[in-house]
There are 2 protein chains.
Amino acid sequence: MSNKGETTRKTSRHILKLNGKKKREFLNSFDRIFSDVDGVVWARDEYIPRAAEGFKALANAGKKFSFVTNNGVRTMSEYAQRFKELGIEFNASEFVYPAKSVVQYLDSIRFKGLIYVMATDNFKNSLREAGYEFIFGPLKIIKETYSELANHIFSDEPVRAVILDVDFNMSSLNLIRAHLFLRHPDCILILGASDKFLPFAKGVDIIGPCSFAQIIADSSKKRLITLGKPGIELAEMLLKNFDIKERKRVLMIGDMLEQDIGFGSQCGFQTLLVLSGGCNLEKMQAETDPVHIPDYYADSMGDFNEFLKDFKKAEV
Amino acid sequence: MSNKGETTRKTSRHILKLNGKKKREFLNSFDRIFSDVDGVVWARDEYIPRAAEGFKALANAGKKFSFVTNNGVRTMSEYAQRFKELGIEFNASEFVYPAKSVVQYLDSIRFKGLIYVMATDNFKNSLREAGYEFIFGPLKIIKETYSELANHIFSDEPVRAVILDVDFNMSSLNLIRAHLFLRHPDCILILGASDKFLPFAKGVDIIGPCSFAQIIADSSKKRLITLGKPGIELAEMLLKNFDIKERKRVLMIGDMLEQDIGFGSQCGFQTLLVLSGGCNLEKMQAETDPVHIPDYYADSMGDFNEFLKDFKKAEV
């Protein structure tokens with residue numbers, strides 16, 4: 001006898017432990033891959049061994065792939081340079097990252113008005129290039145008096161959107177100010193990178209933008225429009241932009257249970273977790289939310305080299 | 001017929017709408033008052049009209065009172081000066097505020113070790129004077145690179161307590177750093193001022209320290225030891241320090257439903273809300289959590305002048 005939890009728990013299958021038939025079924029079950037970057041292609045500044053070769057082998061097997069990252073700290077030219085070094089085809093127009101998705105979202109709702117931004121200079125540049133006007137800050141240390149606080153948080157600027165992404169210099173003043181702008185009934189709240197935690201080094205997670213955004217979402221009671229993984233608004237945009245008809249024929253690859261696997265599940269994609277980034281085997285096996293349990297897993301993208309070699313053998 | 005919610009909802013009574021008998025019963029039902037300061041004695045920098053006279057009238061009626069504030073931004077000499085101007089007796093040894101309660105708590109657990117502090121200079125001075133060693137910051141704007149971030153959040157300093165209070169210059173770096181210190185199993189997490197929101201101006205609440213503390217409590221999964229209202233640890237300390245035997249013979253007065261009324265209820269005190277600060281009549285009447293519904297309310301402490309005058313009449 002087993003309880004409900006046991007009978008219904010979804011099982012993740014290691015791609016190299018599938019038998020020949022299952023391997024072929026899996027490989028034939030998807031045409032397109034959306035893949036995360038950090039923790040999949042590289043971890044911090046280290047390339048993940050043979051990950052690039054794994055992508056190239058998949059390309060040779062006829063799979064299309066595009067990258068979807070929450071990381072907007074690097075510039076597009078940095079990404080292009082890195083992918084070039086790895087020999088991975090990089091199509092900037094298909095590369096998805098928060099600043100770009102946010103701009104597309106603002107365009108789609110024909111947003112007019114001033115924006116208050118908590119994000120990196122890269123992110124701000126994307127808004128500027130798209131023709132949006134924004135303010136930010138203050139970026140300074142203030143005197144510890146209520147009148148000085150008042151000077152820095154009150155403003156009559158007609159802000160109609162608050163946008164939050166990774167911001168290395170965000171302060172409580174900024175969050176307090178955002179909360180005050182959001183009192184206007186028309187002011188919307190947009191989150192880019194939507195990580196509660198960011199894997200920063202081996203075994204070290206740091207508090208991510210989602211935790212900060214949640215404070216202002218709770219305090220303002222505004223809906224968080226989320227254009228990073230696993231945001232529903234990003235999912236809708238992706239399905240539309242890539243004209244996805246058969247969701248099950250897409251494979252989402254990533255190293256994070258909530259952001260990547262949760263995002264893929266929500267989109268109706270198949271999902272594959274690589275253990276080369278922010279999640280280890282124990283964590284994956286301890287996950288209880290079925291939405292966050294991957295269909296497949298691999299030690300790293302490097303496993304696809306062996307997977308595809310075996311597959312060819314089976315085909316012979 | 002009425003539903004359970006209607007039959008059990010606690011009713012708050014305006015002290016001036018009680019009949020003579022009820023007024024006398026109320027006045028005779030408590031010996032000691034704990035009162036909040038901001039929103040009760042003054043609101044921002046404005047004295048609340050006739051509030052001081054209300055306290056003086058209560059003193060004349062034989063009631064002892066002490067003040068319990070979450071506001072550690074003002075120095076003790078500023079408080080002493082303000083109370084002196086108002087002619088309210090100010091007993092510094094009975095004045096309760098977060099920095100003092102935190103020091104008492106650290107003393108009580110014989111805390112040894114380094115502290116990481118996010119608080120005002122006033123708060124830090126209290127720790128310094130009590131002989132505790134602490135670090136804080138960084139208080140600077142950093143370059144937007146991961147290596148610069150790493151330089152500012154990683155540290156091998158042996159921090160064994162993280163303390164958070166009102167901090168005008170707290171940044172995401174500070175919260176990230178706090179989270180990393182809290183990975184040590186012995187590192188405790190202490191919150192002083194525990195307001196989710198701070199009433200800042202008429203109709204304007206700003207995000208308070210509790211919201212920021214909650215991020216690191218959630219991320220570190222540490223218990224939040226709370227030494228501001230409505231913290232359980234402060235309640236225990238107050239009951240002990242003031243040697244409270246009959247809790248029902250204490251009246252908690254304040255202008256906030258959660259911090260003041262919730263705190264008083266939790267201590268087993270009677271509670272009275274004044275509408276001269278962060279809560280209006282509508283908000284009080286809309287409150288559904290019985291712990292936050294006051295036993296009594298008044299427009300302001302000024303009502304006690306009339307209350308006590310009427311009471312004397314009734315006694316004749």
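Looking at an unreviewed UniProt entry, one finds chain A named Pyridoxal phosphate phosphatase, with Bactrocera latifrons as its source organism. For chain A, the Sequence similarities (unreviewed entry) comment in UniProt is given as "Belongs to the HAD-like hydrolase superfamily."

Peer 1: Outline the pattern of salt bridges, listing residues and values.
Peer 2: Tallied over the full model, the rule gives 24 salt bridges over all chains. A salt bridge links R249 of chain A to D31 of chain A, with the nearest nitrogen and oxygen atoms 2.8 Å apart. With R249 of chain A in the loop between α10 (232-241) and β13 (250-254) and D31 of chain A in the loop between α2 (20-28) and β2 (32-35), this pair connects stretches of sequence that are 218 residues apart. A salt bridge links D243 of chain B to K245 of chain B, with the nearest nitrogen and oxygen atoms 2.6 Å apart.

Peer 1: How would you explain the UniProt feature "binding site: Mg(2+)" (unreviewed entry) in chain A if you had to name every residue and give the values?
Peer 2: All names here are of chain A. Here, the residues flagged by UniProt with the feature "binding site: Mg(2+)" (unreviewed entry) are D36, D38 and D255. Their sequence span is 220 residues, while the largest C-alpha to C-alpha distance among them is just 8.0 Å; these annotated residues converge on one region. Tracing the backbone through its elements, the reader meets D38 in the loop between β2 and β3 (42-43). When sequence neighbours within four positions are dropped, the list of residues in contact with D38 reads T69, N71, R74, Y79 and D255. With respect to the helices and strands, the residue D255 is situated in the loop between β13 and α11 (257-267). Ignoring any residue separated from it by four or fewer positions in sequence, one finds D255 in contact with D36, D38, G39, V40, D260, L273, V274, G277, G278 and C279.

Peer 1: So what's going on with the relation of the copies chain A and chain B? Residues and values would help.
Peer 2: Relating one copy of the chain to the other requires a rotation about an axis plus a shift along that axis. Mapping chain A onto chain B calls for a screw motion: a turn of 180° about the axis and a shift of 0.0 Å along it, with 0.0 Å RMSD after fitting. Both copies of the chain, as the preceding transformation shows, are related through a two-fold rotation axis. In terms of C-alpha distance to the rotation axis, chain A has S171 of chain A as its closest residue, with the C-alpha 1.9 Å off the axis.

Peer 1: Which residues make up the layout of surface pockets, and what are the values?
Peer 2: Residue and element names in this part refer to chain B. Roughly 760 Å³ of volume is contained in the second largest pocket. Along the wall of the second largest pocket there are 34 residues; nearest its centre are P199, F200, D255, G277 and G278. Elements that contribute at least two residues to the lining of the second largest pocket include exactly β3 (42-43), β10 (197-201), β11 (204-207) and α11 (257-267). For the lining of the second largest pocket, the element with the most residues is β10, which contributes 4 residues. Looking at the lining of the second largest pocket residue by residue, the classes come out as 13 nonpolar, 10 polar and 11 charged.

Peer 1: Give me the packing of helix α8 (residues 172-181) of chain A against helix α9 (residues 209-220) of chain A: which residues, what numbers.
Peer 2: Residues and elements named next belong to chain A. For the pair α8 and α9, the least separation of the axes is 9 Å and the interaxial angle reads 35°. For the pair α8 and α9, the crossing hand works out as right-handed. Contact residues: α8 offers L175, A178 and H179, while α9 offers F212, I216, S219 and S220. When the residues that make up the contact of α8 with α9 are grouped by side-chain class, the tally is 4 nonpolar, 3 polar and no charged.

Peer 1: Tell me about the interface of chain A and chain B, and please be specific about residues and values.
Peer 2: Taken together, the 43 residues of chain A in the interface contact 43 residues of chain B. Regarding the contact of chain A and chain B, the summed buried area is about 3,800 Å², with carbon and sulfur atoms giving 69% of it. Linking chain A with chain B are 0 salt bridges, by the criterion used here. The tally of links from chain A across to chain B stands at 12 residue pairs in polar contact (both at pLDDT 80 or more). When residues of the side of chain A that touches chain B are traced back to their parent elements, those giving at least two are α7 (146-153), α8, β10 (197-201), β11 (204-207) and α9 of chain A.

Rules of the game
- Residues numbered from 1 in each chain as written.
- Chains lettered and ligands numbered in written order.
- Predicted model: local features only at pLDDT ≥ 70, side-chain atom pairs only at ≥ 80, totals over all residues.
- Heavy atoms only, no water.
- UniProt positions renumbered as here; feature names shortened; annotations may be inferred.
- Salt bridge = Lys/Arg side-chain N within 4 Å of Asp/Glu carboxyl O.
- Helix = DSSP H or I, 4+ residues; strand = E, 2+ residues; numbered from the N terminus.
- Contact = heavy atoms within 4.5 Å.
- Least-squares fit on C-alpha atoms with pLDDT ≥ 70 in both.
- 1 Å grid on protein atoms, 1.4 Å probe; cavity = no way out; pocket = protein on both sides within 12 Å on 5 of 7 lines; lining within 4 Å.
- Points joined across faces, edges and corners; volume = space filled by probe spheres on them.
- Nonpolar A, V, L, I, M, F, W, Y, C, P; charged D, E, K, R; others polar.
- Axes fitted to C-alpha atoms, helices over the stretch in contact; angles between N-to-C directions.
- Left-handed = near helix turned anticlockwise from the far one by under 90°.
- Buried area = accessible area lost by both parts, 1.4 Å probe.
- Polar contact = N/O pair within 3.5 Å; in protein donor to acceptor, adjacent residues only side chain to side chain.

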